[in-house]
Amino acid sequence: MMWLRGTMGNARVLTAAACLAAALVPGAAGAAEDPDRIFDKSTVWRPLTPNDKLVVYGIDDPDVSGVACWYTQPEKGGIKGTLGLAEDVSDISLSCRQTGPVQFKDKVKQGDVVFSERRSLIFKSMQIVRGCDAKRNTLIYMVYSDKVVQGSPKNSTSSVPLAPWGTEAPQKCADFVK
């Protein structure tokens, strides 16, 4: 770190170190647990380092039991990908479904973060957010990526109409929106 002081100055070194430390600590905003890795498929073969892949993950909505989402995202291989230095692209697809009787655990807000994860060392993250279409009694999920300086317009949306499950009548999502 001594060589950095001479070129960047103490304040910049401390700022860079703080940003790096924050980036390496897993963020739990909106996420009750880590996503389940379902499977992956290689898209670019690399002879000496890991391949680039499309990876499918599954998550359960932490605030609404009976709803799960699956998202597919590209993951870079190579040396940068192996070291966690590669910035992954914003092409993420999303599919959400009712998997059991829907039970809201508490009141929710429109646009609440369901899941979030970093997509680069410091500046980029991926978010899955939820809203309620009260007229159609449907939960709407959207995935997008954002950057500190400039976000991406790339996104994907999925809907979960709240339907009866067994003999239980469906809950109304409007009753649980703050």
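In this text, all values refer to a predicted model and were calculated from it rather than measured experimentally. (Residues numbered from 1 in each chain as written. Predicted model: local features only at pLDDT ≥ 70, side-chain atom pairs only at ≥ 80, totals over all residues. Heavy atoms only, no water.)

### Regarding the pattern of salt bridges
Move 1: As enumerated under the stated definition, the model contains six salt bridges in all.
Move 2: As a salt-bridge pair, Arg-37 and Glu-75 come within 3.7 Å of each other at their nearest N and O atoms. Separated by 38 residues along the polypeptide, Arg-37 in strand β1 (residues 36–44) and Glu-75 in strand β3 (residues 64–75) bring together distant segments of the chain.
Move 3: One network of salt bridges, with partners in common, ties together Asp-61, Asp-63, Asp-112 and Arg-130. (Salt bridge = Lys/Arg side-chain N within 4 Å of Asp/Glu carboxyl O. Helix = DSSP H or I, 4+ residues; strand = E, 2+ residues; numbered from the N terminus.)

### Regarding the pairing of β3
Move 1: Bridge count between strand β2 (residues 52–60) and β3: eight bridges; the pairing is antiparallel. Within the sheet, the bridge partner assigned to Tyr-57 lies in β3 and is Tyr-71.
Move 2: In sequence, β2 turns back onto β3 through a hairpin of three residues.
Move 3: Summarising the sheet, β3 and strand β4 (residues 93–104) pair through eight bridges and their orientation is antiparallel. Paired with Val-64 across the strands is Phe-104, a residue of β4. (Pairing = 2+ DSSP bridges.)

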